[in-house]
Amino acid sequence: MATTEAKKKQQQQQQQPKTSLLSQGLIGLTWIILFFFLGSYLITESWTWGYRGKWTNINTYIPQELRLYDGSDPAKPIYLAIDGDVYDVTLGGGWYGKGGSYHHFAGVDAARAYVTGCFQDHLTHDTRGLTEEQLKGIAHWKKFYDRHHKYHKIGRVLHEPIPEDAPIPKPCKTAVGQKP
Ligand code: HEM
């Protein structure tokens, strides 16, 4: 009897340090995680040490929200969208900010205008009726923003579906030629 109890005690003693080691490990891990994120925020003002990739560009915007970032307010970042993808182009403020040559592209998904050159009339994501070549042109511009060292993708814009009976935007007379 005494031997069984002694054995039990021994077993308990053996188990105890294991459990506390595990809980200590968990507490340690929690601190490491906390320091990782807090440290990142304090040093880089980003929770992920400045990492920008497919795990961080998960924001969604409605068109009205996107409008708030059209470069008119110098205190805010500048966003633009092309065919649904939203990019932060704040570092291109000279182009997209107020008075910039491409200010009309900021705060909106103007995919159509990129390939038609209708910078007044085609500031829309409506790509219906575009040629294969023009659609390739849009893909080209997306790549431009994706690969640009100063810009980065931050999410997607949530467009309302275009009603089937909505008229396709007409060609404009003021079209700017494609970049030479
Ligand atoms: C459909 C027509 C056009 C579109 C959509 C377009 C769009 C753009 C965009 C998005 C940029 C990049 C700005 C940045 O760095 O973020 C750019 C740059 C530039 N664009 Fe245009 N552009 C067009 C036509 C033209 C034309 C006709 C010219 C000249 C006659 C021109 C001259 C330039 C120059 C010089 C730059 C800066 C240099 C460079 O990045 O190559 N663009 N354009």
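An unreviewed UniProt entry lists the protein chain under the name Cytochrome b5 heme-binding domain-containing protein, from Parasitella parasitica. In UniProt, the protein chain has this text filed under Sequence similarities (unreviewed entry): "Belongs to the cytochrome b5 family. MAPR subfamily."

Moving on to the domain arrangement of the protein chain. Looking at the assigned domains, one finds that the protein chain contains domain 1 (1-51) and domain 2 (59-157). The C-alpha-based centres of domain 1 and domain 2 are spaced at 47 Å.

Right, let's talk about the site of the ligand for a bit. Taken together, ten residues are adjacent to the ligand, and Gly92, Trp95, Tyr114, Gly117 and Lys179 come closest. For the shell around the ligand, the class distribution of residues is five nonpolar, four polar and one charged.

On the UniProt side, "domain: Cytochrome b5 heme-binding" (unreviewed entry) is annotated at positions that read residues 61-158 here. Here residues 61-158 runs as 32% helix and 15% strand, with 6 Å between its end C-alpha atoms.

Right, let's get into the pairing of strand S3 (residues 85-88). Alignment of strand S2 (residues 79-82) against S3, held across four bridges, turns out to be antiparallel. Considered in S3, the bridge of leucine 80 is made with tyrosine 87. Inspection of the sheet shows S3 paired to strand S4 (residues 152-157) by four bridges, in the antiparallel sense. Paired with tyrosine 87 across the strands is lysine 153, a residue of S4.

A few words now on the environment of aspartate 126. Tracing the backbone through its elements, the reader meets aspartate 126 in the loop between helix H4 (111-116) and helix H5 (132-147). For the pair aspartate 126 and tyrosine 51, spaced 75 residues apart in sequence, the C-alpha to C-alpha distance is 32 Å. Once residues within four sequence positions are removed from consideration, aspartate 126 is found in contact with Arg112, Ile162 and Pro169.

For H5, spanning 16 residues, the distance from its first C-alpha to its last is 23 Å, which sits close to the expected 22 Å at 1.5 Å a residue. Little of H5 sits inside the fold, with one of its 16 residues counted as buried.

Attention now moves to the sheet that holds S3. Spatial strand order, S1-S4-S3-S2: four strands in an open sheet with mixed pairing. A strand with exactly one partner marks an edge of an open sheet, and here the two such strands are strand S1 (59-61) and S2. Adjacent strand axes in the sheet meet at a mean angle of 40° when their direction is disregarded. Where S1 and S4 come together, three bridges link them in parallel fashion. Following the sheet pairing, threonine 60 is matched in S4 by arginine 156. Contacting S2, S3 and S4, H5 runs over the sheet at an angle of about 145° to S2.

Quick notes on the rules
- Residues numbered from 1 in each chain as written.
- Predicted model: local features only at pLDDT ≥ 70, side-chain atom pairs only at ≥ 80, totals over all residues.
- UniProt positions renumbered as here; feature names shortened; annotations may be inferred.
- Domains from an automatic or database assignment.
- Near = placed C-beta within 6 Å.
- Nonpolar A, V, L, I, M, F, W, Y, C, P; charged D, E, K, R; others polar.
- Helix = DSSP H or I, 4+ residues; strand = E, 2+ residues; numbered from the N terminus.
- Pairing = 2+ DSSP bridges.
- Contact = placed C-beta atoms within 7 Å.
- Expected span 1.5 Å × (residues − 1).
- Buried ≥ 20, exposed ≤ 12 C-beta atoms within 10 Å, placed from the backbone.
- Axes fitted to C-alpha atoms, helices over the stretch in contact; angles between N-to-C directions.

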